[in-house]
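Architecture at a glance
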2 protein chains.
Amino acid sequence: MSQVIIKDDEVDIVIGALQSDLTSFMEEWRPFFSRFHLIIVQDPDLKGDLKIPEGFNLNLYTKSDIDRVVGPVSNSISFSGYSCRHFGYLMSRKKYIITVDDDCTPARDTNNKITDAVSQHIINLTTPATPFFFNTLYDPYVDGSDFVRGYPFSLRTGVECGLSCGLWLNLADLDAPTQALKPELRNSRYVDMVLTVPARTMLPVSGINIGFNSELVGPALMPAFRLAKEGKLRWETVEDIWSGMCVKVVCDHLKIGVKSGVPYVWRQERGNAVESLKKEWEGVKLMEDVVPFFQGLRLSEGAVTAEDCVGEIASKVKEVLGGNDPMFARAAETMVEWIKLWKRVRAAE
Amino acid sequence: MSQVIIKDDEVDIVIGALQSDLTSFMEEWRPFFSRFHLIIVQDPDLKGDLKIPEGFNLNLYTKSDIDRVVGPVSNSISFSGYSCRHFGYLMSRKKYIITVDDDCTPARDTNNKITDAVSQHIINLTTPATPFFFNTLYDPYVDGSDFVRGYPFSLRTGVECGLSCGLWLNLADLDAPTQALKPELRNSRYVDMVLTVPARTMLPVSGINIGFNSELVGPALMPAFRLAKEGKLRWETVEDIWSGMCVKVVCDHLKIGVKSGVPYVWRQERGNAVESLKKEWEGVKLMEDVVPFFQGLRLSEGAVTAEDCVGEIASKVKEVLGGNDPMFARAAETMVEWIKLWKRVRAAE
């Protein structure tokens, strides 16, 4: 494994609490979370106090904090459901943010050894990415690997990594139709590898298990795209898919890398795919417009920060997709509002 | 594993013989080779008769066959060294061609189980590829896998696969400088996975262990790019890297997929990297021109077959790179000549 010096005070672990009792979740993760600062954001729809075990260094944010910071300025930003974690991204001042859903536990590798997802995300984020040419032996910076014959030497220094997308064992992050069609389908294949997703290649970023460099791409991880019937199950949302494509476009434009692969987390069973089908179908259909849009998107040279890029993407969303579905126009507005909020919260310090 | 019906008579295994005694090579591969037809092409520089064990269904081609078929027409095509296998591609009439270097043996997976590279290549070639959107769980057609949430349904049927690039355990396919700098470096990481290399992403295709659909991309696998000091060791050649980029451009243009990952082969030690450095350095330097050229290459709508595409690529090579180094102009000529030869041999039947 590459040698990386992790400064604990450069990392925030952000948890969106969609359930009140976080005891077993926190205890499972204690060996890997306890040395870092945590930000826990309670889903504003979740009533009552959270149950959080002792011994963690954390800030807890609830609906009253959201109302205080965001206030009545916001007409469209919603932090309900999975989007609550975005309030944690907004409040964090750390360079690196790691986040996992509260229905996930640490995964075991092929040797049945428990894995440290936090350290792996930090390794992914602090070693270079190689988006401009594919290395057939995957991440060349892993011990025992290197660049293969034919890989241009001028590209071997790589670029900074902005986003690390982890994966899932047991319940994979499928959509509701797929899970409903194959109710027994579980992911048991642990592929011990991480790679850079090539430039100009879009991917469906899942928010379940990710790490990112907030200084580089933080503003692009937004709670912008909300389905009319958005639910509290992953397959009832596409907000992470949407902001993931925004991040990828931003990274491609700013010459930053996105990695996908290890670390894995173990996803518990939750929800009923058949019940969710009505809600999800809408998101599934919208992808047919969303993917070609992002694939064809090119930003101007004037966009030199993630904030600039998100502003440009919002204009294009309004212009190109706005007429297709009111949800797109709302997403564009929310993106503009989010960038204002991001800047305002930082300027207020 | 996906269920694929392999028709044995649709497959040729093509072996370039760079050593006279193929006994141990053939015996190691017997369990996987014996049901298929083999084409063995003897390196025309290799004197004497080959030693090949009994019990295989094969055609052997030697220098006299090459002279007879190619004749004095060819001024620039050379079948010496690793390029001899291309004569086998030329003579094959099968849909699928699998080839492995004669210094490779079957690899063992993480459970120490011997793997069948031939079947895996055929699976890769006969299941769809997904070059237009990245699936984070890799090949969605493998049993136990599927498309993840956010993957557009309209892209889930995939496209045909033209090329399957396998990998190497033990001696990885590094260039001479890298191997010379890290003489102890061996690849021991068996990543049990295959993925589609996204459209418009270039990769360094290694000729050591590949399978391809000859009907779709056969003409693009050419012995076109020959270093002045080309040797008999992989790191002393770039012909496979060059034709690999041609194939990738052809596949991207014709909307065909290229996969990379399993199967692995075990590569024996051979050669001395430090001794090879003089020869290889030239190839390493040329990559700095070659990669941006292929990355920027776009073909016309009129190019609808691999032959058409190779013709267009040859023109662009001459036009754009011809002035940089005489090797590029020679490669362009050889490509044109190869396509003529490919058509002539087929027309003569």
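Residues numbered from 1 in each chain as written. Chains lettered and ligands numbered in written order. Predicted model: local features only at pLDDT ≥ 70, side-chain atom pairs only at ≥ 80, totals over all residues. Heavy atoms only, no water.

1. Re the overall build of chain A
- Check the secondary structure of chain A and you find ten helices and nine strands.
- Relative to the globule expectation of 20 Å for 349 residues, the C-alpha radius of gyration of chain A, 19 Å, shows essentially globular dimensions.
- The 349 residues of chain A split such that 63% are buried.
- With the model as given, the accessible surface of chain A reaches about 13100 Å², and the carbon-plus-sulfur share is 52%.
- Distance from the positive charge centre (39 side chains) to the negative charge centre (47 side chains) of chain A: 2 Å. (Helix = DSSP H or I, 4+ residues; strand = E, 2+ residues; numbered from the N terminus. Rg over C-alpha atoms; globule rule 2.2 N^0.38 Å. Buried < 20%, exposed > 50% of the residue type's maximum accessible area, 1.4 Å probe, protein only. Areas by Shrake-Rupley, 256 points an atom, 1.4 Å probe, with all protein chains shown as cover. Lys, Arg positive; Asp, Glu negative; His and termini not counted. Charge placed at Lys NZ, Arg CZ, Asp CG, Glu CD.)

2. Considerations on the side chain of Ser 243 of chain B
All names here are of chain B.
- Looking at the secondary structure, you find Ser 243 in helix α7 (residues 239-254).
- Look at Ser 243 and you get buried, because its relative accessible area is 2%.
- Setting aside anything within four residues of it in sequence, one finds Ser 243 in contact with Ala 220, Leu 221 and Met 222. (Contact = heavy atoms within 4.5 Å.)

3. Describing the interface of chain A and chain B
- Between chain A and chain B, the residue contacts involve 61 residues of the former and 61 residues of the latter.
- Regarding the contact of chain A and chain B, the summed buried area is about 4800 Å², with carbon and sulfur atoms giving 60% of it.
- Two residues, Asp 175 of chain B and Arg 156 of chain A, come together in a salt bridge whose shortest N-O distance is 2.7 Å.
- At the junction of chain A with chain B, the criterion picks out 24 residue pairs in polar contact (both at pLDDT 80 or more).
- Elements supplying a minimum of two residues to the side of chain A that touches chain B: β6 (161-170), α5 (176-181), α7 (239-254), β9 (257-267) and α8 (273-296) of chain A.
- Per-element accounting of the side of chain A that touches chain B gives the leading share, six residues, to α8 of chain A. (Buried area = accessible area lost by both parts, 1.4 Å probe. Salt bridge = Lys/Arg side-chain N within 4 Å of Asp/Glu carboxyl O. Polar contact = N/O pair within 3.5 Å; in protein donor to acceptor, adjacent residues only side chain to side chain.)

4. Observations regarding the packing of aromatic side chains
Residues and elements named next belong to chain A.
- If you walk through the whole model with that rule in mind, you get 34 aromatic pairs over all chains.
- Ring geometry for Phe 225 against Phe 328: centres 5.6 Å apart, planes inclined by 35 degrees, an arrangement best described as tilted. Of this pair, Phe 225 sits in the loop between α6 (214-217) and α7 while Phe 328 sits in helix α10 (residues 326-347), and the two are 103 residues apart along the sequence.
- Of the residues examined, Phe 328 reaches a relative accessible area of 0% and is grouped as buried. (Phe/Tyr/Trp six-rings, centres within 6.5 Å; stacked < 30°, edge-to-face > 60°.)

5. Comments concerning helix α9 (residues 306-321) of chain A
All names here are of chain A.
- With 16 residues, α9 extends 21 Å between its outermost C-alpha atoms, agreeing within 8% with the 22 Å of an ideal straight helix rising 1.5 Å per residue.
- Ala 306, Cys 309, Val 310, Ile 313, Ala 314, Val 317 and Leu 321 are the residues of α9 that are buried. The arc that holds the buried residues of α9, viewed along the axis, is 140 degrees, so those residues lie on one side. Turned more than 90 degrees from where α9 packs its buried face, Lys 318 and Glu 319 sit exposed. (Expected span 1.5 Å × (residues − 1). Arc of directions from axis to C-beta.)

6. What to know about the relation of the copies chain A and chain B
- After a rotation of 180 degrees and a shift along the axis of 0.0 Å, chain A superposes on chain B with an RMSD of 0.0 Å. Viewed as a symmetry operation, the transformation between the two copies matches a two-fold axis. Rotation axis and chain A: the residue whose C-alpha lies nearest the axis is Val 191 of chain A, separated from it by 3.1 Å.
- Comparing interface residues between copies, 100% of those in chain A also sit at the interface in chain B, which points to an isologous, same-surface contact. (Least-squares fit on C-alpha atoms with pLDDT ≥ 70 in both.)

7. Some words on the pattern of salt bridges
- Inspection of the entire model under this criterion finds 34 salt bridges over all chains.
- Between Arg 149 of chain A and Asp 240 of chain B there is a salt bridge; the shortest N-O distance is 2.7 Å. Of the two residues, Arg 149 of chain A is situated in the loop between α4 (117-126) and β6 and Asp 240 of chain B in helix α7; the pairing between them involves two chains.
- Residue classification places Asp 240 of chain B among the buried positions, given a relative accessible area of 4%.
- For Glu 230 of chain A, the salt bridge is made with Arg 226 of chain A, and the minimal N-O distance between the two is 3.9 Å.

8. Focus: the side chain of Ser 260 of chain A
- Mapped onto the secondary structure, Ser 260 of chain A falls in strand β9.
- By relative accessible area, Ser 260 of chain A is classed as buried at 0%.
- For Ser 260 of chain A, the contacting residues outside a window of four places in its chain are Cys 165, Leu 167, Met 193, Val 194, Leu 195, Val 197 and Leu 203 of chain A together with Phe 134, Thr 136 and Tyr 138 of chain B.

9. Considerations on α4 of chain A
- Along α4 of chain A, nine of the ten residues are buried, which leaves the element largely enclosed by surrounding structure.
- Every buried residue belonging to α4 of chain A is among Ala 117, Val 118, Ser 119, Gln 120, His 121, Ile 122, Ile 123, Asn 124 and Leu 125 of chain A, and all of these are buried.

10. Description of unusual backbone geometry
- Of note, the bond from Val 262 of chain A into Pro 263 of chain A is cis; its omega dihedral lies within 30 degrees of zero at 10 degrees.
- With respect to the element layout, Pro 263 of chain A can be found in strand β9.
- The phi dihedral of Lys 255 of chain A is positive, around 60 degrees, even though this residue is not glycine.
- Looking at the element boundaries, Lys 255 of chain A is found in the loop between α7 and β9.
- In the Ramachandran plot, Asn 170 of chain B falls in the positive-phi region, its phi being about 70 degrees despite a non-glycine side chain.
- As for its placement among the helices and strands, Asn 170 of chain B is situated in strand β6 (residues 161-170).

11. Details of the confidence of the model for chain A
- Residues with a pLDDT of 70 or more make up 97% of chain A, whose mean pLDDT is 94.
- Under the prediction, the complex receives an ipTM of 0.95, its pTM being 0.96. (pLDDT = per-residue confidence, 0-100.)

12. Topic: the environment of Met 245 of chain B
- Of note, Met 245 of chain B is situated in helix α7.
- With 165 residues separating them along the chain, Met 245 of chain B and Ser 80 of chain B place their C-alpha atoms 21 Å apart.
- Among all residues touching Met 245 of chain B, those that are not within four sequence positions of it are Phe 133 of chain A together with Met 202, Leu 203, Met 287, Val 290, Val 291 and Phe 294 of chain B.

13. Quick look at the environment of Gly 296 of chain B
Residue and element names in this part refer to chain B.
- Relative to the elements of secondary structure, Gly 296 occurs in helix α8 (residues 273-296).
- For Gly 296, a relative accessible area of 54% gives the class exposed.
- Counting along the chain gives 26 residues from Gly 296 to Arg 270, while the straight-line C-alpha distance between them is 36 Å.

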